[in-house]
Structures are given as structure tokens and as C-alpha cells.
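Here is what each chain is made of, one letter per residue.
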Amino acid sequence: MSGSQQDNSTSLVITGGTLFDAHGQLTDNPGLLVRDGKIAAVGSEAGQAGVARSVDASGCVISPGFVDLCCNLREPGNGQKGNIASETRAAAHGGFTTVCASPETSPVNDSSAVTHLIREGAATRGVVNVLPVGAITRGLEGDLLSDMAGLKNAGCVAVGNGSCGVRNARILRRCMAYAQTFDLTVMFSPENQALAADGYAHDGQVATRLGLLGIPEVAETAAVMEMLLLAEETGVRLHLSQLSCGRSVEMLAEARKRGIQVTADVAMHQLVYTEDALAGFDSRFHVRPPLRSESDRQALLAGVREGVIDAIVSQHQPHDSAAKQAPLPATEPGLSSIESVLSLGLGLVASGELEMPDLLSALTLGPSRVLGREWALAEGVAADLCIFDPKGHWVPSPSTLVSAGHHAPRFGCELPGLMKLTLVGGRTAWQ
């Protein structure tokens, strides 16, 4: 059996393998019993009850399901780029059991009606948990505030700007103050639009050599500083999404020392690639924020290792083939990446740049804390987990990728990490 499946078995026991526990440690699996959608027992008791199914995880890692704080599901709208059905199956293939849906839909998720539409689609056609993020301004135009109270009541777990800017600091301050009154986390991708202008690559040596329009680091760092100062004043919970600069990590650490409520994430491709990926005009690596220098990459990795950066995200942005086949400046930014996140991370583990517990913490415990939730394999919690073989391999190709977007990093190359099983609420989402 392969691909996305639905399994009505009420119980299963997982034996063997290595367990990633609530303390962020890898230990021998003492036995894991899943019953009626929840983890019923961990330890010797798991093997004492009759079960409908057993899974031997020998040689594999058993982890809480990965949590993605930034995923584009392309629904409503943009059907040629993907939909809730295709992209949640892709998430399950990547080991993700929960994804935060970006507000960048068509229409934009700036009202309770759109939020309900997303939740209904997820309930009927999705195979993983979908948590909508509402737009912080109407239409994501950065001008008029959205109905944040209505969005929260409809089920949005946070509000944010997606990849769009906010018009000015006065509006940004109002957004934060308004969100704080409703106890909402704001998720901002920091970019000063005036400084970024029409750029689409890092303002560095590669852009200069190839004649590409650059986005300077200060376009991000100026926005980070502005957001930190406004968060300090308003008291809002701030989450900085998709950092790309080493200086941003430094400012984040300094802000935490001052007691500002701020968390942050980084896209996996920022930890693996640099501006050099654009050297061959490869449109797959036209991403926003752009891939930056090697020193930035190393600083971002250090931020993950030291816990300054809480989470690693996919920043999954599936596109139809036409969107990536134009000349580089005319292509749409974004990678179809959610199925490759674990594999790219295991590559960093193999190179010694990350430890396995650091990688898994940034995919599970860290993002769950950003959402104010607990994501651990413990008795009584929902059976959202994945089992993967770190020594297994797979090759991203049209036949193996589930997402509607095939512009995956390292397309056609053998990658480490074979996903064996993904359970969501005890049901098989991928096997």
C-alpha cells in the first residue's frame, strides 16, 4: 500500500525503532499503543492489549507529526496550482500532520466566510490538520485592518501578512495593538517594501555578476527592528516568519533578552542553499525572501541549534509549470518544498551542521509552542505522528511527488529519509 490512504482500524501498536520524546531526546521505543485516535499507552502496557494492527518500526524514527507554520494550500482559488486535497496529501508524505494555511488565497482569507470555507474543505478533503491564518489587513493590501475578532471566532489561530507588506509603521502599529486586544499572535514576514523595491535576488556578488535586481539585507533587518520595537510597545505576541539574514537572528536574540514576546522561523531552503543556487538562472530558487550569503546561512543554522529560531517551515508554494518557465525576473517566487523538508534536514544532519534532535525539535516542539500547544507522544494526546527511515532514500519525480507543484529542490536527485507512515488522529494519512 502506498500514497494517501484512509484506515479505519481502531487500534495499532508500534514496536521497535527510536522514539523522539517530549524532552527532545531520541530513545529506544518502549512500545506505542494507538487506540480510537489517541495514544493509549507508551511502554510495556502497549503490547499487552489485543490490537487490530501492528507496525514494526525497526531502524526507523518515530516522531510527533511535523508542524508547518507556513504552507500555501492554494484553496480557495488558484486551482491549477493545487488544492487542499493535493497539498495536504503532500504534507502527509512529508511527515507533516498539521499545517498553518497562509492567508494568501483567492479571495484572501480576511473574513470569517473564507475561513469557514477553508475549514470545511479541510474537513471533507484534507488528510492533515489545517489551521487557518487570517489576513491582518483587508485583501492583504496593507491598508485597512481586517475583522480580527471574526477571524478568531471562525477558527484562525493567528493573523499575518503572508508575503505582502504593510503600508506604513502607523498601520503596522494599529494592527499589532488591535491583535493584542484579541490575544492573537501576529505572524509577519519582515520586508521593507521601499528598500526591497523590484528586487528578486540577494543584493550580493551573484546578483551583480548576473545583472539581477537585488534585495539588500537591510530590507529585512529594518523591518525586523521596526516590528520588534512596535511589539515591545503594544505587548502583542510577535512571530517573525521566514528570516533570511544573520543580523535578524542577532536582533531576535537581543529582543528576547529585553523580554519582548517574539518567536521566529526559517524556511528549510534558507538553511541549505545560498545565492549561488541562482547562478544558472534556475527559477526554482527564485524565492522571497531571497537566498542570501553563506555567512547568513551559517548564522541561521546557529540560530536553530541555539534555539533562538523556534521552528523550521516549508514555506511551501506550489505553482503550475508555466509560472516557473518564464525568464527569471518574470517567474513567480516559491518552491514546492513540503515533501522535501525532512530530506533536506537529514542532509544537514549528515554534514554535521545540525543534530537530529535539533532538526526534529524545530519541526515539532518549537512550532507547537509558537501555537501555544503541546506536541508530544504521550498518553491521552491525539495520535498525530510519523515514522521515517533515515537511511532510506527516494527521488523527487513526477511519479513520486504528490503536490501539484513539481518545482521541488533537487528534483530527480536521490534524497535521504523515506517516510514510512503518517498518522493523523490515529488514521493513516500516508503509507
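Look up a bit, the structure's there.
Just so it is clear, the structure is predicted and the values come from calculations on it, not from any experiment.

**A word on the overall build of the protein chain**
At step 1: Helix and strand counts for the protein chain stand at 13 helices and 20 strands.
At step 2: Compactness check: the protein chain gives a C-alpha radius of gyration of 21 Å against a globular reference of 22 Å for 431 residues, within 12% of the reference.
At step 3: Counting only C-alpha atoms, the protein chain reaches 65 × 50 × 45 Å along its principal axes.
At step 4: Burial analysis of the protein chain (431 residues in total) assigns 59% to the buried set.
At step 5: For the protein chain, contacts bridging at least 24 residues in sequence account for 75% of all contacts bridging at least 6.
At step 6: A total of about 16100 Å² of accessible surface is found on the protein chain, and carbon and sulfur atoms cover 48% of it.
At step 7: Mean positive and mean negative side-chain charge positions of the protein chain (32 and 45 charges, respectively) differ by 3 Å.

**Focus on the sheet that holds strand 2 (residues 18-20)**
At step 1: Taken together, six strands build an open sheet; the order of strands is 3-2-7-18-19-20 and the sheet is mixed. Because the sheet does not close on itself, it has two edges, and the strands there are strand 3 (26-28) and strand 20 (427-430). Direction aside, the axes of adjacent strands within the sheet are offset by 30° on average.
At step 2: Against the sheet, helix 11 (residues 341-350) engages strand 18 (385-394) and strand 19 (415-424), with an angle of about 135° to strand 19.

**A word on the pattern of salt bridges**
At step 1: A full pass over the atoms with the stated rule returns 13 salt bridges.
At step 2: Salt bridges sharing common partners tie together K81, D320 and E332.

**Comments concerning the environment of D147**
At step 1: Structurally, the position occupied by D147 is in the loop between strand 10 (129-135) and helix 3 (148-154).
At step 2: According to the relative accessible area criterion, D147 is partly exposed, its value standing at 44%.
At step 3: Distance in space between the C-alpha atoms of D147 and G16 is 49 Å, their sequence separation being 131 residues.
At step 4: Looking at D147, its side chain comes within polar contact range of the main-chain nitrogen of G150, at 3.1 Å.

**Details of the side chain of T185**
At step 1: Within the secondary structure, T185 is located in the loop between helix 4 (169-181) and strand 12 (186-188).
At step 2: What makes T185 buried here is its relative accessible area of 8%.
At step 3: At 2.9 Å, the side chain of T185 and the side chain of R237 are in polar contact.

**Here we look at the packing of aromatic side chains**
At step 1: A full pass over the atoms with the stated rule returns four aromatic pairs.
At step 2: Measuring from ring centre to ring centre gives 5.5 Å for F66 and F96, while their planes differ by 80°; the resulting arrangement is edge-to-face. Taken together, the positions of F66 in strand 8 (residues 66-71) and F96 in strand 9 (residues 96-101) put the pair 30 residues apart, joining distant regions of the chain. Summarising the burial analysis for this pair, F66 and F96 share the class buried.
At step 3: Taken together, a centroid distance of 5.0 Å and an interplanar angle of 90° make the contact between Y178 and F182 edge-to-face.
At step 4: Overall, the relative accessible area of 30% leaves Y178 in the partly exposed class.

**Details of the sheet that holds strand 16 (residues 262-267)**
At step 1: Strand order in the open sheet made by the eight strands is 8-9-10-11-12-15-16-17, with parallel pairing throughout. Of all the strands in the sheet, the pair left with one neighbour each is strand 8 and strand 17 (311-313). Strand-to-strand twist in this sheet, taken as the mean axis angle between neighbours without regard to direction, amounts to 30°.
At step 2: Of the pairings in the sheet, the one linking strand 10 to strand 11 (residues 158-160) comprises three bridges and is parallel in character. Paired with G134 across the two strands is V159, which belongs to strand 11.

Basis of the calculations
Residues numbered from 1 in each chain as written. Predicted model: local features only at pLDDT ≥ 70, side-chain atom pairs only at ≥ 80, totals over all residues. Heavy atoms only, no water. Helix = DSSP H or I, 4+ residues; strand = E, 2+ residues; numbered from the N terminus. Rg over C-alpha atoms; globule rule 2.2 N^0.38 Å. Buried < 20%, exposed > 50% of the residue type's maximum accessible area, 1.4 Å probe, protein only. Contact = heavy atoms within 4.5 Å. Areas by Shrake-Rupley, 256 points an atom, 1.4 Å probe, with all protein chains shown as cover. Lys, Arg positive; Asp, Glu negative; His and termini not counted. Charge placed at Lys NZ, Arg CZ, Asp CG, Glu CD. Pairing = 2+ DSSP bridges. Axes fitted to C-alpha atoms, helices over the stretch in contact; angles between N-to-C directions. Salt bridge = Lys/Arg side-chain N within 4 Å of Asp/Glu carboxyl O. Polar contact = N/O pair within 3.5 Å; in protein donor to acceptor, adjacent residues only side chain to side chain. Phe/Tyr/Trp six-rings, centres within 6.5 Å; stacked < 30°, edge-to-face > 60°.

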